[in-house]
Structures are given as C-alpha cells and as structure tokens.
Amino acid sequence: MSIVDAGLLDAGGVQLALDGPLATITLHRPEVLNAQTPAMWAALRGIGEALSPEVRVVVVRGSGRAFSAGLDRGLFTAGDGEGGPGLMSIATMPTERADAVIAEFQRAFSWLRDPARVTVAGVQGHAIGAGFQLALACDLRVAATDAKFAMAETGLGLVPDLGGTLPLVRCVGYARAVEICLTGRRVGAEEAERIGLVNSVTPVEELDDAVDNLVRALLVPQPGATRETLALLHSAADNPVPELQLSAERAAQIRRLADLRALLNPS
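1. Some words on the overall build of the protein
Reasoning step 1: Tallying secondary structure elements over the protein gives 11 helices and 9 strands in all.
Reasoning step 2: With respect to the principal axes defined by its C-alpha atoms, the protein has extents near 65 × 45 × 45 Å.
Reasoning step 3: In the protein, buried positions account for 44% of the 267 residues.
Reasoning step 4: Relative to all contacts within the protein whose residues are 6 or more apart in sequence, the contacts with residues 24 or more apart total 68%.
Reasoning step 5: Working note: accessible area of the protein is about 13,200 Å², and carbon and sulfur atoms make up 57% of it.
Reasoning step 6: Computed over 23 positive and 31 negative side-chain charges, the separation of the two mean positions in the protein equals 3 Å.

As structure tokens, then:
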C-alpha cells in the first residue's frame, strides 16, 4: 500500500493499524469523545486512497468511551475548523464551491461502502450525528450494550450530509428513518439490534473480541467471491427491476467460475 502520511493521521486524530488483510482505523480524540473535524476527514480520505487491494476487511472504532460524539464544536464557530472550513465559512461560499467542499468531506465516508472490501464498525458509547453516519457507512455494525445512536443534525438546523441517509433508510425503512432523523432521539443498542441498525450487541468488555470473531469469519470466503457478493447486495437495494438483478447475478457468477477454473487449471 501507499504509506499514509503520519502527519495527516496525527493532525486528524486517527490511528491506522495493518495486520495482513485487516486494517483497523481508530478515531483517537478520546478527550472530546472522538469529535470529528475536517482534519479527521482528510485522514480518513487518505487511508481510503492508500489501502492496498490486499486489505479485505476494515474495522472502524473509537478510542475511549465513545465511538464518535459528532462534529467538533469548533466547526460551529465563525472561523474555520481544524484542517478546513467551518460551517459558517461554508455558508459564505458560492454554491459551487460549497458543494465541492462538502463533497470532499463526504469522500471520507464513501470509500467505506466500496465493495472492494468489507467494513465493520465497532461501536461503543455515543455515535451521534457524524458518528452515526460513519457507523452507517460501514457494511456491518457491532454495538456494545452502552451504544447510543442519534441523528442530531435537524435539531441544529442542518441535515445529515455525510452519506448517512441512504444506508439508514436501507437499514430501518423510510418511516422509521424519518422518525429517527426528525426527532433526533437516541436509539439504544437493544433497539438498534431489533430494528436492524446493528448486526449484534455485546457487553462493553467483550466488544473487541466480538469484532475479532466477526473479522475471522469474514476472511474465510475467497476475496473475489466476497467482492462480487458485496457488489450484488449493494445493487439489490437500488435495482427496481428483478430481471436486472438476476442478470447481474448471472454475470457475477460467470466471472467467478472463470476465476475458479483459472485457479484449478493454471496452465
């Protein structure tokens, strides 16, 4: 892989650990509950751009007692935030420039939805606003019993703009997504599992082990089969015509059969 600039990671409060096919990203600003800044998003973007194709699973977690409590308070002041413009600075920009700035922020999250690899959020404590959206950017979510999810943006006069609306609707359906976003209420771990927001809930002290067990299971299938299956599942949610999805499945299977034949008959 290309080396992620250590200064970029440090400035963003992000740690990256690589262990063969596994990459673990840790938001490391525990003193502010891993509140997010433009510098953190730049670090996350940099990781996404640098990861080798050999990395098959990415785990995202937070250090300390929270996954991420949302946006850093500095973003709400009149000046700029750490590593980029604050909200009021964006408000003064021409529309095209503001659009480009927010699109760059979104890229910190969007690469986690690339079918090239499986992504897992290990969530403890607060996952609020941007923290909730970061967890939603991952394919799978394992929550500790103390996890609390909330989309706080509308209460601040804003909207969720880091890519969280589509996966939220996919997870819980339109009506429940409306209720969660517009009330801003906190969804506890037990409810999150019941409504499909998280895949499993585990005691806080067992969260790391639960994530490790899931990672081991995810690394069992052949990489090509994982990528093709993820791509099919991504498209299934958007494909209104069953025949198009059936066609996509046929094409993916033909590619897999060709790859398997090449493995069995390398000559």
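Moving on from the coordinates now.
2. Quick notes on unusual backbone geometry
Reasoning step 1: Non-glycine residue Leu 33 carries a positive phi angle of around 55°.
Reasoning step 2: You can see Leu 33 is positioned in the loop between β2 (22-27) and α2 (38-50).
Reasoning step 3: At Asn 34, a position not held by glycine, the phi torsion is positive, near 60°.
Reasoning step 4: When its relative accessible area of 0% is taken as the criterion, Asn 34 is described as buried.

3. Side note on the environment of Ile 180
Reasoning step 1: Position of Ile 180 among the secondary structure elements: in helix α7 (residues 174-183).
Reasoning step 2: Once the C-alpha coordinates of Ile 180 and Phe 149 are considered, the two residues, 31 residues apart in sequence, prove to be 9.4 Å apart.
Reasoning step 3: Excluding residues that lie within four positions of it along the chain, Ile 180 makes contacts with Phe 132, Met 151, Arg 185, Val 187 and Ile 195.

4. Points about the side chain of Ser 68
Reasoning step 1: As for its position among the elements, Ser 68 is in the loop between β3 (57-62) and α3 (87-91).
Reasoning step 2: The buried category is assigned to Ser 68, whose relative accessible area is 0%.
Reasoning step 3: For Ser 68, the side chain forms a polar contact with the main-chain oxygen of Asn 34, separated by 2.9 Å.
Reasoning step 4: A distance of 3.0 Å separates a polar atom in the side chain of Ser 68 from a polar atom in the side chain of Gln 36.
Reasoning step 5: Not counting residues up to four positions away in its chain, the partners in contact with Ser 68 are Leu 27, Leu 33, Asn 34, Ala 35, Gln 36, His 126, Ala 127, Ile 128 and Gly 131.

5. A word on the sheet that holds strand β4 (residues 118-123)
Reasoning step 1: Taken together, the 6 strands give an open sheet; going across it, the order is β1-β2-β3-β4-β6-β9, and neighbouring strands pair in mixed fashion. Taken across any chain shown, the strands that pair with only one partner, and hence form the sheet edges, are β1 (14-19) and β9 (200-202). When the angles between neighbouring strand axes are averaged without regard to direction, this sheet yields 20°.
Reasoning step 2: Note: β1 against β2, 6 bridges, orientation antiparallel. Residue Leu 16 lies in a different strand from β2, and its bridge partner there is Ile 25.
Reasoning step 3: In the packing of α2 onto the sheet, the strands contacted are β1 and β2, and the crossing angle to β1 comes to about 20°.

6. Some points on empty space enclosed by the protein
Reasoning step 1: Counted under the stated rule, the structure contains 1 cavity of 30 Å³ or more.
Reasoning step 2: As for the largest cavity, its lining consists of Arg 56, Val 57, Ala 116, Arg 117, Val 118, Leu 218, Pro 223, Thr 226 and Arg 227.
Reasoning step 3: Considering each element in turn, the lining of the largest cavity owes the most residues, 3 residues, to helix α10 (residues 223-236).
Reasoning step 4: Of the residues belonging to the lining of the largest cavity, the class tally is 5 nonpolar, 1 polar and 3 charged.

7. Some points on the packing of aromatic side chains
Reasoning step 1: One pass over the structure, following the stated rule, counts 2 aromatic pairs.
Reasoning step 2: Each ring, one from Trp 41 and one from Phe 105, has its centre 4.6 Å from the other, and the planes form 50°; the classification is tilted. One end of the pair, Trp 41, is in helix α2; the other, Phe 105, is in helix α4 (residues 95-110), and 64 residues separate them in sequence.
Reasoning step 3: The buried category is assigned to Phe 105, whose relative accessible area is 10%.

8. Quick look at the pairing of β2
Reasoning step 1: With respect to burial, β2 is a largely interior element, 6 of its 6 residues being buried.
Reasoning step 2: On β2, burial covers both faces: Leu 22, Thr 24 and Thr 26 on one face and Ala 23, Ile 25 and Leu 27 on the other are all buried.
Reasoning step 3: The hairpin turn running from β1 into β2, its antiparallel successor, is 2 residues long, and Gly 20 in that turn takes a positive phi close to 60°.
Reasoning step 4: Alignment of β2 against β3, held across 6 bridges, turns out to be parallel.

How each quantity is defined
Residues numbered from 1 in each chain as written. Predicted model: local features only at pLDDT ≥ 70, side-chain atom pairs only at ≥ 80, totals over all residues. Heavy atoms only, no water. Helix = DSSP H or I, 4+ residues; strand = E, 2+ residues; numbered from the N terminus. Buried < 20%, exposed > 50% of the residue type's maximum accessible area, 1.4 Å probe, protein only. Contact = heavy atoms within 4.5 Å. Areas by Shrake-Rupley, 256 points an atom, 1.4 Å probe, with all protein chains shown as cover. Lys, Arg positive; Asp, Glu negative; His and termini not counted. Charge placed at Lys NZ, Arg CZ, Asp CG, Glu CD. Polar contact = N/O pair within 3.5 Å; in protein donor to acceptor, adjacent residues only side chain to side chain. Pairing = 2+ DSSP bridges. Axes fitted to C-alpha atoms, helices over the stretch in contact; angles between N-to-C directions. 1 Å grid on protein atoms, 1.4 Å probe; cavity = no way out; pocket = protein on both sides within 12 Å on 5 of 7 lines; lining within 4 Å. Points joined across faces, edges and corners; volume = space filled by probe spheres on them. Nonpolar A, V, L, I, M, F, W, Y, C, P; charged D, E, K, R; others polar. Phe/Tyr/Trp six-rings, centres within 6.5 Å; stacked < 30°, edge-to-face > 60°.

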